[in-house]
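Take a look at the letters that make up each chain.
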Amino acid sequence: MNKITAAITAVGGYVPDYILTNAELEQMVDTNDEWIRTRTGIVERRILKIPGQATSDLAVPAVKELLAKRDLDPNEIDCIICATVTPDMIFPSTSSIIAYKIGATKAFGYDLNAACSGFLNALVTGTAFIESGRYKKVLVVGADKMSSIVDYTDRNTCILFGDAGGAVLLEPNEEGYGVKDSILKTDGSGRDFLHMKAGGSLKPPSIETVTAKEHFTYQEGKTVFKFAVVGMADVSAEIMEKNHLSSDDVAWLVPHQANLRIIDATANRMGVTTDKVMINIHKYGNTTDATIPLCLWEWEKSLKKGDNLILAAFGGGFTWGAAWVKWAY
Ligand code: UT7
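Since the model is a prediction, treat every value here as computed from it, not as a measurement. (Residues numbered from 1 in each chain as written. Predicted model: local features only at pLDDT ≥ 70, side-chain atom pairs only at ≥ 80, totals over all residues. Heavy atoms only, no water.)

(A) Fine view of the layout of surface pockets. As a volume, the largest pocket reaches approximately 870 Å³. For the largest pocket, the lining is made up of 34 residues, of which V85, T86, N113, I149 and M196 are closest to its centre. Per-element accounting of the lining of the largest pocket gives the leading share, three residues, to strand β9 (residues 194–196). Considered class by class, the residues forming the lining of the largest pocket number 15 nonpolar, 15 polar and four charged. Mapping the lining of the largest pocket onto the domain boundaries places at least three of its residues in each of domain 1 (5–175) and domain 2 (180–326). (1 Å grid on protein atoms, 1.4 Å probe; cavity = no way out; pocket = protein on both sides within 12 Å on 5 of 7 lines; lining within 4 Å. Points joined across faces, edges and corners; volume = space filled by probe spheres on them. Helix = DSSP H or I, 4+ residues; strand = E, 2+ residues; numbered from the N terminus. Nonpolar A, V, L, I, M, F, W, Y, C, P; charged D, E, K, R; others polar. Domains from an automatic or database assignment.)

What follows is the structure, encoded as structure tokens:
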């Protein structure tokens, strides 16, 4: 019997309607369109403004789209892994809420937090479930309502982030398609450069933490940039070398969308030309766990069976990594 691989067999994505433009941000903080475009590549981002809606409301439309495309009954889903840093609540898991909202009564699920590398970590975890033969249909979701943890008076961070959800379905494949290899890394010495200071067990929420705005995203951008630009490029080159893939062999680079300059550096290091790089940061900004599935969703129609994709991410932790995926349809 051939080895079982975990193939991505369907993709769904969702962005909320409200468009927060650079022009609107100019009215909110001391920034300007030119700075944002040239330093980040971002032109606009989507914001979930509907009261009472949360990260699961970004994930559910993406999952429903995916299920509809494949005409799947939610009760066929074995497992839901939701990568997020903005769960609906600290507990229960957003996966439980997604399972309930889509009517997946037979699935188990849990959330996974690896910051901006969360989707990659969830994909690799889901892959192991499929490869082991234990489960047949694993939903891997990446969703974040970043606007819920962004301080819209802080120009260092508020220009960067957007809200979105994306999802892929993993199923067993015996023809060698799917997730072929991955490299994942963590270095907690970077924890202070990108984090949320309060709200966890280290600093439970209090009037003081709220007053000090410690429930918002804090980032030392320059330091994170330095690590991200090296980390994402190195790990992408490493996975190509490890698997003897040349730049010609790579059909697409699917990078986490944090900064266009980091994406360009990664593509350069891999020797991959811009036409083979999925870039939508200008439209959506940094949607944290949703960036990679959102790219797959947008480019789905351009993908061909057998295409070699390199997925790459870098984020808080620090966490970073890359995966080689052979597209299955
Ligand atoms: O997704 C998770 C991983 N995250 C990342 O990968 C993000 C990595 N970091 C970055 O993408 C970049 O560091 C930023 C886009 C966040 C910032 O760009 P930068 O080129 O590193 O700018 P900087 O922080 O060094 O700031 C340069 C200047 C500063 O002014 P002075 O000190 O030179 O006078 C800032 O105060 O730009 C100023 N600045 C701004 N100016 C206009 C910072 N933010 C803004 C702003 N508008 N929004």
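(B) Fine view of the site of the ligand. By nearness alone, 25 residues border the ligand, and T31, R39, R155, N259 and N286 come closest of all. Between T31 and the ligand, the recorded distance is 2.7 Å, taken from a side-chain N or O atom to a nitrogen atom. Separating an oxygen atom of the ligand from a side-chain N or O atom of N286 is a distance of 2.8 Å. Of all the cavities here, the one that holds the ligand is the second largest pocket. Of all the secondary-structure elements, those providing two or more residues to the shell around the ligand are α2 (33–40), α6 (155–158), α8 (221–242), α9 (260–270) and β12 (308–315). Partitioned by chemical class, the residues of the shell around the ligand number 11 nonpolar, nine polar and five charged. (Near = heavy atom within 4 Å. Polar contact = N/O pair within 3.5 Å; in protein donor to acceptor, adjacent residues only side chain to side chain. Sits in = over half its atoms within 2 Å of the grid points.)

(C) Expanded view of the sheet that holds strand β7 (residues 163–173). Taken in spatial order, the five strands make up an open sheet running β1-β7-β6-β4-β5, and their pairing is mixed. Every other strand in the sheet has two partners, leaving β1 (5–14) and β5 (108–112) as the edge strands with one partner each. Averaged over neighbouring strand pairs, the angle between their axes works out to 20° when direction is ignored. Relative to β7, strand β6 (residues 138–145) runs antiparallel, the two being bridged by eight bridges. Among the inter-strand pairings, D144 is bridged to a residue of β7, identified as A164. (Pairing = 2+ DSSP bridges. Axes fitted to C-alpha atoms, helices over the stretch in contact; angles between N-to-C directions.)

(D) Up close: the packing of helix α3 (residues 55–70) against helix α4 (residues 94–102). Interhelical geometry of α3 versus α4 gives an angle of 50° and a closest axis separation of 10 Å. If you check the angle between α3 and α4, you find them oblique. Classified by chirality, the crossing of α4 by α3 is right-handed. Here T55, S56, D57, A59, V60, V63, K64 and L67 of α3 lie close against α4, whose contacting residues are T94, I97, I98, K101 and I102. Of the residues contributing to the contact of α3 with α4, the split by class is seven nonpolar, three polar and three charged. (Parallel < 35°, antiparallel > 145°, perpendicular 65-115°, else oblique. Left-handed = near helix turned anticlockwise from the far one by under 90°. Contact = heavy atoms within 4.5 Å.)

These results come straight from atomic positions and should not be treated as a statement about function.
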